[in-house]
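# Fold and geometry: a report
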Amino acid sequence: MPALHLNKQVSSKDSSSLPHVVILGGGFAGLAAGKALAKYPVKITLIDKENHHLFQPLLYQVATAGLSAADIAQPLRHIFSGQSNLTTLMDEVIDFDLNTSKVNLVTQSLYYDYLVVALGVTTGYFGNQSWIRFAPGLKTLDEATELRRRVLTAFERAELAKDSGETSLWLTFVVVGGGPTGVELAGAIAELAQHVMAKDFRHIDSTKAQVHLIEAGPRLLSAFPKSQSTYAYKRLSKMGVKVHLNEPVTNVSADGVTLSQSSISSGTILWAAGVEANSVANNLGDIPRDRAGRLEVNPDLRIPNFENVFVAGDLAKLSDHKGKQVPCLAPAATQMGRHAAKQIIRDIAGRSLQPFIYFDKGNMATIGRSSAVANFRNITINGYFAWLAWLAVHLVFLMGMRNRISVFLNWAWSYLAWRQGARIITKKLIGRSDGPSATSSN
Ligand SMILES: Cc1cc2nc3c(=O)[nH]c(=O)nc-3n(C[C@H](O)[C@H](O)[C@H](O)COP(=O)(O)OP(=O)(O)OC[C@H]3O[C@@H](n4cnc5c(N)ncnc54)[C@H](O)[C@@H]3O)c2cc1C
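One structure accompanies this document, and this report is about it. The residue numbers shown here count from 1 along each chain, following its written sequence. Note on the predicted model: pLDDT of at least 70 is required for a residue's local features to be given, and 80 or more for side-chain atom pairs to be given and counted; whole-chain, interface and lining totals, by contrast, use all residues. The basis for every side-chain value is the complete set of heavy atoms in the structure, and neither hydrogens nor water enter the calculation.

Numbering of helices and strands runs from the N terminus; a helix is a DSSP stretch of H or I covering at least four residues, while a strand is a stretch of E covering at least two. Counting secondary structure elements, the chain contains 10 helices and 24 strands. The quantity called the radius of gyration is restricted to C-alpha atoms. Its globule counterpart is 2.2 Å times the number of residues to the power 0.38. At 23 Å, the chain has a C-alpha radius of gyration in line with the 22 Å of a compact globule built from 442 residues. In this description, contact between two residues means that some pair of their heavy atoms is separated by no more than 4.5 Å. Here the contacts in the chain between residues at least 6 apart in sequence split such that 65% fall between residues at least 24 apart. Calculation of accessible area relied on Shrake-Rupley with a 1.4 Å probe; when residues are assessed, cover is drawn exclusively from the protein chains displayed. Within the structure as shown, the chain displays about 19900 Å² of accessible surface, and the carbon and sulfur contribution to it stands at 54%. Here Asp and Glu are counted as negative and Lys and Arg as positive; His is not counted, and neither are the chain ends. Just so you know, the charge point we use is NZ for Lys, CZ for Arg, CG for Asp and CD for Glu. Distance between charge centres in the chain, computed from 45 positive and 34 negative side chains, equals 7 Å.

We now examine the sheet that holds strand E6 (residues 93–97). Read across the open sheet, the three strands follow the order E6-E7-E8; overall the sheet is antiparallel. Two strands lie at the open edges of the sheet, namely E6 and strand E8 (109–111), each paired on one side alone. Neighbouring strand axes in the sheet, compared pairwise and without regard to direction, differ in orientation by 20° on average. Strands qualify as paired when DSSP identifies two bridges or more between them. As paired elements, E6 and strand E7 (residues 102–105) share four bridges and run antiparallel to each other. For Asp97, the partnering residue across the bridge sits in E7 and is Lys102. Axes, fitted as lines to C-alpha atoms, cover a helix only where it is in contact. Angles between the N-to-C directions of the axes lie from 0 to 180 degrees.

Okay, helix H8 (residues 330–348) next. A helix is expected to span 1.5 Å for every residue after the first. The terminal C-alpha atoms of H8 lie 27 Å apart, and with 19 residues this matches the ideal 27 Å at 1.5 Å per residue to within 8%. With respect to burial, H8 is a largely interior element, 14 of its 19 residues being buried. Once H8 finishes, Gly350 follows within two positions and takes phi at roughly 80°, a positive value. Remark: exposure states derive from per-residue accessible area (1.4 Å probe, protein chains only) relative to the maximum for the residue type, with buried under 20%, exposed over 50%, and partly exposed in between.

Our next topic: the sheet that holds strand E14 (residues 249–253). In space, the three strands of this open sheet follow the order E14-E15-E16, with antiparallel pairing throughout. The strands lining the two open edges of the sheet, one partner per strand, are E14 and strand E16 (263–265). Averaged over neighbouring strand pairs, the angle between their axes works out to 15° when direction is ignored. Relative to strand E15 (residues 256–259), E14 runs antiparallel, the two sharing four bridges.

With that settled, consider the nonpolar core. Throughout, nonpolar core names a set of buried Ala, Val, Leu, Ile, Met, Phe, Trp, Tyr and Cys residues whose side chains join them through atoms within 4.5 Å. The biggest cluster of nonpolar side chains holds 119 residues, and the ones touching the most others in it are Leu24, Phe96, Val117 and Phe155. In terms of residues, this core owes the most to one element, helix H6 (residues 180–196), which gives nine residues. Both domains that furnish three or more residues to this core are identified here as domain 1 (20–49 + 91–123 + 275–348) and domain 2 (129–273 + 363–421). With residues near it in sequence (within four places) discarded, Val117 still touches Leu24, Phe96, Leu284, Val309, Phe310, Val311, Ala312 and Leu315. Among the nonpolar cores identified, the runner-up in size contains 16 residues, and Tyr125, Ile214, Leu259 and Ile269 belong to it. A domain assignment, automatic or from a database, supplies the domain bounds used here.

For the rest of this paragraph, the subject is the pattern of salt bridges. It is possible for side chains of opposite charge to pair when their charged atoms get near one another. Throughout this description, the term salt bridge denotes a Lys or Arg side-chain nitrogen within 4 Å of a carboxyl oxygen of Asp or Glu. One pass over the structure, following the stated rule, counts eight salt bridges. With its nearest N and O atoms 3.6 Å apart, the salt bridge here joins Asp71 to Arg402. Here Arg402 lies in helix H10 (residues 401–417) and Asp71 lies in the loop between helix H2 (59–63) and strand E4 (73–75), a separation of 331 residues in the sequence. Overall, the relative accessible area of 51% leaves Arg402 in the exposed class. Here the salt bridges share partners, and the residues they tie into one network are Glu146, Arg149 and Arg150.

Coordinates in, geometry out; function isn't part of it.
So this is what it looks like as structure tokens:
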């Protein structure tokens, strides 16, 4: 394929004639694309609505008071401070005009020669958007701190409860979704109740808290081998988590959840079931999508009909050369971001573009402290050694030395002392709208 005719209408103060690469999203894919272009003569603008890159795999620990928000995020500006060909803008993408190679942000419009769309996915409620209010998801730092507020406040409300019914309502936690995030959340809440909180209250017995994990399908961790699903089920059951399989949620309200065969009264419902494409991507035009709205990209990660637009990360739907769907995982997003960057360089050099080849680095999930499942190709490990591997992998891939040290010290402290360092409620429960209707609205 010949090199593209470069668009010289770069909106920048300097009138650089370098190709302008605009990267949308500073998640795993956007970050990898930006870094992979560091040594090339291109002008890069990276846009994110947040000022930080977020390490989502540890979000559940912020939600359950194990880590602080700042431990798992790093300012984008700092990450790229040494990369002179990249400018970071904290702005929000609202629209595209692909025919004129323009992206519209809240504050301005930018022309590009190449566009990398890496805007990720959001929590999906299968068309029941009204459930968000009662069952927030876990995708951003704001959401993680909101979940933490709800979980910690539930114990406080239980302590203030006027009767046993109210106490039990507040001491019942429901986690919807039996994937890695749901399993990790349920395990962490059970441990919080049984060990961390146990000595801290005078009226309630936090060890009586009930944690329900709801899964619509026949097993937990459906992306893992069946033996690991069984391991997770047994392990969670041993920790006191009540796992419900084959029970889709049919309604969510302030008072609890209705399942296909039963209902559970609960003051705290957390949603970890399903994703949908970032809605901004709808403005990319008539591109084939899967049921979650993810964009079906060409093998080289470009979208049909536009030779200078790449989609990378969770937002891209693609099967690899063996026909296996590339999963929504951080290593896949990183590899896609890098691939998009390499293809841009090839295109500028007038070389043909190559298909994306996914290297499967395996999958891991923790099930409470000291236990995890890990699988790499045909090798599966369960239990303590999988957990040690999980700790090591997450420390290595976490961005920033300060964060690594802080997380390591937090983990060591929690492990030795059964204490969670981030048990701070930063926003008060506002009223009935986000809690069970049985309680006072004060
Ligand atoms: C709770 C949780 C746990 C996970 N655990 C694991 C795990 O253990 N292992 C693993 O491999 N993967 C895990 N994942 C998945 C992994 O985090 C994703 O696959 C990865 O983040 C995808 O990278 P991305 O760059 O495509 O999107 P993201 O990392 O989601 O980045 C998208 C970026 O786009 C920005 N953005 C969105 N909309 C706009 C807009 N309109 N304007 C400007 N900026 C915008 C966002 O702020 C964000 O920075 C987990 C995900 C979650 C939510």
